[in-house]
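What follows is each chain in one-letter form.
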Amino acid sequence: MILEIVTPEATLLHTEVQLVSVPGINGEFQMLNNHAPIVSLLVEGNVKFKGNNIKIEEEFEDKFTNDKDEFTLQIKSGTIEMKENKVIILAD
C-alpha cells in the first residue's frame, strides 16, 4: 500500500509500505494491505510504518527515527484516510 504523510510545510513521505500504525482518538490502530476504508482523527503520538525499500528524502530524514526497520514520526495531531490501498496522513 502507499503511505503519504503531508504537513502544512511539505509532503514528508510518499512510499510503499507493508503496515502503518497510528495514534487514533480511541487508541492506537494498525492498517495492512486491503484494509477497509477509514477516516479518523489522530492525537499526539507516533506514526509507525514498515516496508521494504522505504525512501525518505534527505531533507526530511531528521524528522523520522528508524529502529529495526520500523520508522517512526512524532505528530501532535492530524487526520488519516485509508482508501484503495492508499493511506494519507495530514499531520501537525
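Structure report, in brief. Predicted model, so just to flag it, every value in this text is computed and none were measured.

Cut-offs used in this document
Residues numbered from 1 in each chain as written. Predicted model: local features only at pLDDT ≥ 70, side-chain atom pairs only at ≥ 80, totals over all residues. Heavy atoms only, no water. Core = buried A, V, L, I, M, F, W, Y, C linked by side-chain atoms within 4.5 Å. Buried < 20%, exposed > 50% of the residue type's maximum accessible area, 1.4 Å probe, protein only. Helix = DSSP H or I, 4+ residues; strand = E, 2+ residues; numbered from the N terminus. Contact = heavy atoms within 4.5 Å. Salt bridge = Lys/Arg side-chain N within 4 Å of Asp/Glu carboxyl O. Phe/Tyr/Trp six-rings, centres within 6.5 Å; stacked < 30°, edge-to-face > 60°.

**Observations concerning the nonpolar core**
Among the nonpolar cores identified, the biggest contains 25 residues, and Leu-3, Ile-5, Val-20, Val-22, Phe-49, Phe-64 and Ile-89 are the most heavily contacted of them. Going through the elements one at a time, strand E1 (2-6), strand E2 (11-16), strand E3 (19-24), strand E4 (27-32), strand E6 (45-50), strand E8 (70-75), strand E9 (78-83) and strand E10 (86-91) are the ones with two or more residues in this core. Those residues in contact with Val-22, other than ones at most four positions away along the chain, are Gly-27, Glu-28, Phe-29, Met-31, Leu-42, Asn-46, Val-47, Ile-80 and Ile-89.

**Focus on the environment of Ala-10**
Inspection of the secondary structure assignment puts Ala-10 in the loop between E1 and E2. Through-space distance from the C-alpha of Ala-10 to that of Asn-46 is 18 Å; in sequence the pair is 36 residues apart. With residues near it in sequence (within four places) discarded, Ala-10 still touches Ile-5 and Phe-60.

**As for the pattern of salt bridges**
If the charged atoms of two oppositely charged side chains come close together, the side chains can form a pair. According to the stated counting rule, one finds 1 salt bridge in the structure shown. Ionic pairing is found between Lys-86 and Glu-4, a salt bridge with its closest N-O pair at 3.3 Å. Here Glu-4 lies in strand E1 and Lys-86 lies in strand E10, a separation of 82 residues in the sequence.

**Considering the packing of aromatic side chains**
Each aromatic ring pair is specified by the distance between its two centres and by the angle formed by the two planes. Here the structure, examined in full by the defined rule, presents 2 aromatic pairs. For the ring pair Phe-49 and Phe-64, a centre distance of 5.9 Å and an interplane angle of 85° mean the geometry is edge-to-face. Separated by 15 residues along the polypeptide, Phe-49 in strand E6 and Phe-64 in strand E7 (residues 64-67) bring together distant segments of the chain. By relative accessible area, Phe-49 is classed as buried at 0%. Grouped by ring-pair contacts, the aromatic residues Phe-49, Phe-64 and Phe-71 constitute a single cluster.

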